[in-house]
Amino acid sequence: LTGVLDDCLCDIESIDDFNTFKIFPKIQKLQERDYFRYYKVNLKRPCPFWADDGHCSIKDCHVEPCPESKIPVGIKAGSSNKYSKAANNSKEFEDCEQANKLGAVNSTLSNQSKEAFIDWARYDDSQDHFCELDDERSPDAQYVDLLLNPERYTGYKGPSAWRVWNSIYEENCFKPRSVYRPLNPLAPSRGGDDGESFYTWLEGLCLEKRVFYKLISGLHASINLHLCANYLLEEMWGKPRWGPNVKEFTRRFDPAETKGEGPRRLKNLYFLYLIELRALSKVAPYFERAVVDLYTGNGHEDAESKALLLDIFRDTKSFHMHFDEKSMFAGDKKGAKSLKEEFRLHFKNISRIMDCVGCDKCRLWGKLQTQGLGTALKILFSEKEIQSLPENSPSKGFQLTRQEIVALVNAFGRLSTSIKELQNFKVLLQQTR
């Protein structure tokens, strides 16, 4: 897999080098910090589109939420954003399962800005959201330590899993039903059609709709890569051994096994990486303000987390082959606005489909990565609002919730990991030849 990507002026080798030597080590460290490892999610929301298949009973599908007693008081305060120093000294900060030091995660802002939260609550930014957001106040919403629930192969597959992806592609990628996506086991067979008619159709689309398809395909490829790289290889005496499965990787991505489809999927992964990288470089001014604090209640750790995040932003800005989103939605004003709204609603629908995933662990990571991409899109379409942010007070024009920030960083962390894992598979494939 080499050369220049379609629809942008960036080559794969440049992304590989940039990711390996600059981004990957830092984003890994950032994801381990208390602020970014703790995500609130509702895994019990019913599927809004079809009758539930029943949940996956495989033990690896299970998500271990943090017990109520282990959640720090500062986190339990939730949207009220109250912080009690007493919580810092209590036993509430003990280990969550086997993890060390699970810090309180409170708010995006330091104490000086808390009076602005009342104004924030009144500000309805639903017009900006590309995702259906979980209601954090729901009794079914639980905090999950992402480090204790890594994304990996769970055994969840077959018709149930295919129906989710099929619904995403067939009904939400601006695609007519007469055009069949290649290698889709749920599509009727069409004799000699090898999928080329699909790509003829794709090339005929406007840039925005083509980009939409590539983002979804890239997300699908990234998730498949994680499953291949973190596969249950064997289980001896109840002790599982996880690692890369070359055979599974070949089945999903090798040109010979996928009728040439695999490399296309991987190129879309790189394209998605570029989109989220661009969003990170664009949102930097939001976090560079002194008023924004990655607040956990531990002042020293908070300062270190913010310094590391700003360091990553500096790297993203230094990348010289960014995707130029200005080419999107650039037609006549009325048509562009209508297309952008259509784009947003299609993506929002995909975020709702994630509630149809039968495996809890797959649902957790599907929701998080979808929300991360939705947040990236929100950023890319809010450039003017970000540029006009006040230095010392929250903005009513653009804001990110802690959930959106955690999803954005972890989703990009997953893409960075995918590209790193792809390098590893290249080495493993050379060794097996």
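Residues numbered from 1 in each chain as written. Predicted model: local features only at pLDDT ≥ 70, side-chain atom pairs only at ≥ 80, totals over all residues. Heavy atoms only, no water.

Novice: Account for the UniProt feature "binding site: FAD" (unreviewed entry) in the protein, naming residues and giving values.
Specialist: UniProt feature "binding site: FAD" (unreviewed entry): in the numbering of this structure it lies at Arg152, Thr154, Trp165, Ser217, His220 and Arg252. Summarising the element assignment, Arg152 is placed in the loop between strand E3 (141-145) and helix H6 (159-172). Apart from residues no more than four positions distant in its own chain, Ser217 is found in contact with Tyr169, Arg265 and Asn268. (UniProt positions renumbered as here; feature names shortened; annotations may be inferred. Helix = DSSP H or I, 4+ residues; strand = E, 2+ residues; numbered from the N terminus. Contact = heavy atoms within 4.5 Å.)

Novice: Tell me about the packing of aromatic side chains, residues and numbers included.
Specialist: One pass over the full model with this rule turns up 20 aromatic pairs. Between the aromatic rings of Phe212 and Phe343, the centroid separation amounts to 5.0 Å while the plane-to-plane angle is 85°, which identifies the pairing as edge-to-face. Here Phe343 lies in helix H12 (residues 333-353) and Phe212 lies in helix H8 (residues 207-229), a separation of 131 residues in the sequence. Both residues of the pair, Phe212 and Phe343, belong to the buried class. (Phe/Tyr/Trp six-rings, centres within 6.5 Å; stacked < 30°, edge-to-face > 60°. Buried < 20%, exposed > 50% of the residue type's maximum accessible area, 1.4 Å probe, protein only.)

Novice: Can you explain the environment of Gly397? Please cite residues and give values.
Specialist: Its location among the elements puts Gly397 in the loop between helix H14 (383-387) and helix H15 (402-432). Counting along the chain gives 13 residues from Gly397 to Lys384, while the straight-line C-alpha distance between them is 9.4 Å.

Novice: Before we move on, can you summarise the packing of helix H9 (residues 246-253) against H15 with the specific residues and values?
Specialist: It is at 11 Å that the axes of H9 and H15 come closest, and there the two elements cross at 110°. By the criterion of interaxial angle, the relationship of H9 to H15 is roughly perpendicular. Seen from H9, the contacting residues are Val246, Phe249 and Thr250; seen from H15, they are Leu422, Phe425, Leu428 and Leu429. Residues belonging to the contact of H9 with H15 are distributed by class as follows: six nonpolar, one polar and no charged. (Axes fitted to C-alpha atoms, helices over the stretch in contact; angles between N-to-C directions. Parallel < 35°, antiparallel > 145°, perpendicular 65-115°, else oblique. Nonpolar A, V, L, I, M, F, W, Y, C, P; charged D, E, K, R; others polar.)

Novice: For unusual backbone geometry, give the residues involved together with the corresponding values.
Specialist: Residues other than glycine seldom take positive phi values, yet Phe174 does so here, at roughly 55°. In this fold, Phe174 is placed in the loop between H6 and helix H7 (196-203). In the Ramachandran plot, Lys259 falls in the positive-phi region, its phi being about 50° despite a non-glycine side chain. Note that Lys259 resides in the loop between H9 and helix H10 (261-288). Note on Lys259: relative accessible area 62%, which makes it exposed.

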